[in-house]
There are 2 protein chains.
Amino acid sequence: MITSTGNAQVKYLQQLQKKGKLRDEEGVFLIEGLRMFEETPAERIRKAYVSETFYQKQRKIVEEKQVSAEILSDSVFERVSATKTPQGILCIVTRREWTKEEILGAEHPFLMILDNLQDPGNLGTILRTAEGAGVTGILMSKDCVDIYNPKVIRSTMGSIYRMPFIYLENLEEFLPELKEYGITSYAAHLEGEHFYDEENYTDGCAFLIGNEGNGLRAEVTAKADRKIRIPMHGQVESLNAAMAAGILMYEVCRQRRK
Amino acid sequence: MITSTGNAQVKYLQQLQKKGKLRDEEGVFLIEGLRMFEETPAERIRKAYVSETFYQKQRKIVEEKQVSAEILSDSVFERVSATKTPQGILCIVTRREWTKEEILGAEHPFLMILDNLQDPGNLGTILRTAEGAGVTGILMSKDCVDIYNPKVIRSTMGSIYRMPFIYLENLEEFLPELKEYGITSYAAHLEGEHFYDEENYTDGCAFLIGNEGNGLRAEVTAKADRKIRIPMHGQVESLNAAMAAGILMYEVCRQRRK
């Protein structure tokens, strides 16, 4: 059991928590809590760290997964945890990368393309809903929030391990490539010509979702094949970005089921 | 200008921030930020408080609304604000109550009924989306999160002023009353018999949405006329509660538009 904060592994964990750049270099991210531990495929866990109390109570769950695990005293665990009330389990998880070709070449592609999305909760919720709706991949402009942000990971409820995603160096330049794969792109836009449910999404489709405050950039909207909008009653100017994405995704899901 | 934290109004504001019970007794809630100030009807603002810096820059916006306003020095404002980086405007807003009869008696009722919903962001997002989808009222079990929680209010983006809502003393006992108003109730449930898009929602309808972690209570589900579910691909067990609500609401909106 590690009982000193001077321990090299403890120092390394603290650095990983603090420095996004280090996590990038190491090709890892951190997860915390029992629920996320259970969702994580064993082969993706580089190392698990558990508090003494957690280990006493949940030893079986840790051992069943057959991953390399280290026990930390409760007070040391508190120092490496990013949460206020730590559950007592934290893992270093290896990242998995997808190629553009893998994502675009899916059968009946159904893509979500996110332009400068900033809220971690929104990105996580989009991943979770996307898996539920049958989305085949998520593409993000490189200025979107970091998908390995702990808040994103938590709100995906495990979809982070199952939903293919990629960051694009240049979203505008990429968009014309969709045509080569027979994918029609739809910009969710407040000034869309058609309601979202007036289009046919049974063939390859991709939806462009913009930033929470500013919506989709004009340069990006201009590159989309069609502009669609979600009708709104009352004085609502726009929906939350994740909500708008979810409504579109489930319309595709509905059409493809019929 | 108020420059001392010993000032009675400053002390009163600090008490209002801290004590939900005092806000209840006074029949008020607090809002912060320019966006919420703009969304708030002038007649609902009991008093506005602005920081010196805010007043220098945005004097016009405050004066145009013709509300009673008080200027606080920047340092005093920071003490009364609940946010880390205060925008410099905070208001005491009077609550508005709706009766059950007002909500149930709406034309073509389209209701959302929330059972023990706990996340402020979810409740706020449901209100915002509900207004957009044309919902006529929201009913909440009394153990739902406080709708006057600042996080709820912020995420409604102003819908708090426009969406009728009520807390119910006893949700289970209330449900049979829906029939008297010709309203069919649908429980969103993972074990629903039909997909949500296989029902007809053009007549009076009400949707029951459960707690984030535990879903709808069995006693509540049992009282619903129909159980419906949202289909899910992959390994997704459930959707975020606000997302599930939004998908249902926009299906009603879609059907009623046809």
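Scroll up for the structure.
1. What about the sheet that holds strand E9 (residues 194-195) of chain B?
Residue and element names in this part refer to chain B.
Next, step 1: A sheet is described by the order of its strands in space; here seven strands give the open sequence E7-E6-E5-E10-E8-E11-E9, paired in parallel fashion. Pairing within the sheet leaves two strands with one partner each, and these edge strands are strand E7 (165-168) and E9.
Next, step 2: Here strand E6 (residues 137-141) pairs with E7 via four bridges, running parallel. Within the sheet, the bridge partner assigned to isoleucine 138 lies in E7 and is phenylalanine 165.

2. Things to note about the pairing of strand E10 (residues 205-209) of chain B
Residues and elements named next belong to chain B.
Next, step 1: Counting buried positions along E10 yields five of five residues, so the element is predominantly enclosed.
Next, step 2: Of the two faces of E10, the one lined by Cys205, Phe207 and Ile209 and the one lined by Ala206 and Leu208 are each fully buried.
Next, step 3: Where strand E5 (residues 110-114) and E10 come together, five bridges link them in parallel fashion. If you follow leucine 114 over to E10, its bridge partner there is isoleucine 209.
Next, step 4: As judged from the four bridges shared by strand E8 (residues 184-188) and E10, these two strands associate in the parallel manner. Bridging from a neighbouring strand, alanine 187 pairs with leucine 208 of E10.

3. Quick look at the side chain of serine 159 of chain A
Next, step 1: Within the secondary structure, serine 159 of chain A is located in the loop between helix H8 (150-156) and strand E7 (165-168).
Next, step 2: Setting aside chain neighbours within four positions, we find serine 159 of chain A in contact with Leu127, Arg128 and Glu131 of chain A together with Val236 of chain B.

4. A closer look at the interface of chain B and chain A
Next, step 1: Taken together, the contact between chain B and chain A spans 35 residues of the former and 34 residues of the latter.
Next, step 2: Counting the surface lost from both chain B and chain A, the interface buries some 2,800 Å², and carbon and sulfur atoms represent 56% of this.
Next, step 3: Run the count over chain B and chain A and you get four salt bridges.
Next, step 4: On inspection of chain B and its partner chain A, the count reaches twelve residue pairs in polar contact (both at pLDDT 80 or more).

5. A short note on the relation of the copies chain B and chain A
Next, step 1: Expressed as a screw operation, the relation of chain B to chain A combines 0.0 Å of axial shift with a rotation of 180 degrees, fitting to an RMSD of 0.0 Å. Such values leave the two copies arranged in the relation of a two-fold axis.
Next, step 2: Interface overlap between copies is the fraction of interface residues in one copy that are interface residues in the other; for chain B against chain A it reaches 97%, indicating a shared surface.

6. Quick word on unusual backbone geometry
Residues and elements named next belong to chain B.
Next, step 1: Notably, histidine 108 is not glycine yet its phi reads approximately 45 degrees, a positive angle.
Next, step 2: For histidine 108, a relative accessible area of 53% puts it in the exposed group.
Next, step 3: Here methionine 157, not a glycine, exhibits a phi torsion of approximately 55 degrees, which is positive.
Next, step 4: On the accessibility criterion, methionine 157 (27% relative accessible area) is partly exposed.

7. A look at the packing of helix H12 (residues 241-257) of chain A against helix H12 (residues 241-257) of chain B
Next, step 1: For the pair H12 of chain A and H12 of chain B, the least separation of the axes is 9 Å and the interaxial angle reads 60 degrees. One finds that H12 of chain A runs oblique with respect to H12 of chain B. When you trace H12 of chain A past H12 of chain B, the crossing you get is right-handed. Seen from H12 of chain A, the contacting residues are Ala242, Met243, Gly246, Ile247, Tyr250, Glu251 and Arg254 of chain A; seen from H12 of chain B, they are Ala242, Met243, Gly246, Ile247, Tyr250, Glu251 and Arg254 of chain B.

Basis of the calculations
Residues numbered from 1 in each chain as written. Chains lettered and ligands numbered in written order. Predicted model: local features only at pLDDT ≥ 70, side-chain atom pairs only at ≥ 80, totals over all residues. Heavy atoms only, no water. Pairing = 2+ DSSP bridges. Helix = DSSP H or I, 4+ residues; strand = E, 2+ residues; numbered from the N terminus. Buried < 20%, exposed > 50% of the residue type's maximum accessible area, 1.4 Å probe, protein only. Contact = heavy atoms within 4.5 Å. Buried area = accessible area lost by both parts, 1.4 Å probe. Salt bridge = Lys/Arg side-chain N within 4 Å of Asp/Glu carboxyl O. Polar contact = N/O pair within 3.5 Å; in protein donor to acceptor, adjacent residues only side chain to side chain. Least-squares fit on C-alpha atoms with pLDDT ≥ 70 in both. Axes fitted to C-alpha atoms, helices over the stretch in contact; angles between N-to-C directions. Parallel < 35°, antiparallel > 145°, perpendicular 65-115°, else oblique. Left-handed = near helix turned anticlockwise from the far one by under 90°.

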